[in-house]
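Chain by chain, the residues:
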Amino acid sequence: MAQAIEEHGIHEVDTYFESPLPDGAGWMSGGGGGMGNIGYLARLNADRSLRWVAVMFHSNPFVGVHFQGMSAVFTNDWGNRLLLDLMNPALV
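Residues numbered from 1 in each chain as written. Predicted model: local features only at pLDDT ≥ 70, side-chain atom pairs only at ≥ 80, totals over all residues. Heavy atoms only, no water.

**Notes on the packing of aromatic side chains**
Point 1. Following the criterion strictly, the structure yields 2 aromatic pairs and no others.
Point 2. Plain terms: the ring middles of phenylalanine 62 and phenylalanine 74 are 6.4 Å apart, the flat faces sit at 75 degrees to each other, and that makes the pair edge-to-face. Of the two residues, phenylalanine 62 is situated in strand β5 (residues 62-68) and phenylalanine 74 in strand β6 (residues 71-76); the sequence distance between them amounts to 12 residues.
Point 3. For phenylalanine 62, a relative accessible area of 4% translates into the label buried.
Point 4. You can call phenylalanine 74 buried: its relative accessible area is 0%.
Point 5. Across from the ring centre of tryptophan 27, 3.6 Å away, lies the NZ or CZ of arginine 48, which sits over that ring. (Phe/Tyr/Trp six-rings, centres within 6.5 Å; stacked < 30°, edge-to-face > 60°. Helix = DSSP H or I, 4+ residues; strand = E, 2+ residues; numbered from the N terminus. Buried < 20%, exposed > 50% of the residue type's maximum accessible area, 1.4 Å probe, protein only. Lys NZ or Arg CZ within 6 Å of the ring centre and 35° of its normal.)

Below, the structure written as structure tokens:
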């Protein structure tokens, strides 16, 4: 992550949402930075410590999330959606 930030000249990111998970086990956060092309999603524990983060360099910022059970549907600033099954072991 530090290398990507250095290579692409990203010095700050904006958080557009921080939403509690439906089961109360943590939070989802999202936003973006750079020249408007970079988006991030992060899974936080209940105490808001970082569990995982995904940075995408051609996604645009993520501006919202809604939940369907334990699946999350994220929307970027162009209205594109990304569906993640949060019960997948890699995302828990």
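**Here's the deal with the nonpolar core**
Point 1. Counting residues in hydrophobic clusters, the biggest one holds 11 residues: Phe17, Leu21, Met28, Leu41, Trp52, Phe62, Val65, Ala72, Phe74, Leu84 and Leu86.
Point 2. Those elements that provide at least two residues to this core are β5 and β6.
Point 3. The contacts of alanine 72, once residues within four sequence positions are left out, are Val65, His66, Phe67, Leu82, Leu83, Leu84 and Leu86. (Core = buried A, V, L, I, M, F, W, Y, C linked by side-chain atoms within 4.5 Å. Contact = heavy atoms within 4.5 Å.)

**Observations regarding the environment of leucine 44**
Point 1. Of note, leucine 44 is situated in strand β3 (residues 38-45).
Point 2. Distance from leucine 44 to serine 19, taken between C-alpha atoms, is 9.8 Å for residues 25 residues apart in sequence.
Point 3. Leucine 44 has contacts with Glu18, Gly26, Trp27, Ser29, Ser49, Leu50 and Arg51, leaving out every residue within four places of it along the chain.

**Re the side chain of serine 59**
Point 1. The topology assignment puts serine 59 in the loop between β4 (50-56) and β5.
Point 2. For serine 59, the residues in contact, after removing those within four places along its chain, are Asn37, Ile38, Gly39 and Asn76.

**As for the pattern of salt bridges**
Working definition: two side chains of opposite charge can pair if their charged atoms are close together.
Point 1. Evaluated as defined, the whole model comprises 1 salt bridge.
Point 2. Between glutamate 18 and arginine 48 there is a salt bridge, and its shortest N-O distance comes to 2.4 Å. Of this pair, glutamate 18 sits in strand β1 (residues 13-20) while arginine 48 sits in the loop between β3 and β4, placing them 30 residues apart in sequence. (Salt bridge = Lys/Arg side-chain N within 4 Å of Asp/Glu carboxyl O.)

**Overview of the sheet that holds β5**
Picture the strands of a sheet paired through backbone hydrogen bonds; they go either parallel or antiparallel.
Point 1. As summarised here, the arrangement of the 3 strands in space is β5-β6-β7, forming an open sheet in which the pairing is antiparallel. Single-partner strands in this sheet number two, and they are β5 and β7 (81-85). Sheet twist, expressed as the average angle between the axes of neighbouring strands with direction ignored, equals 20 degrees.
Point 2. Sheet analysis places β5 next to β6, joined by 6 bridges and oriented antiparallel. Along β6, the bridge assignment pairs phenylalanine 62 with asparagine 76. (Pairing = 2+ DSSP bridges. Axes fitted to C-alpha atoms, helices over the stretch in contact; angles between N-to-C directions.)

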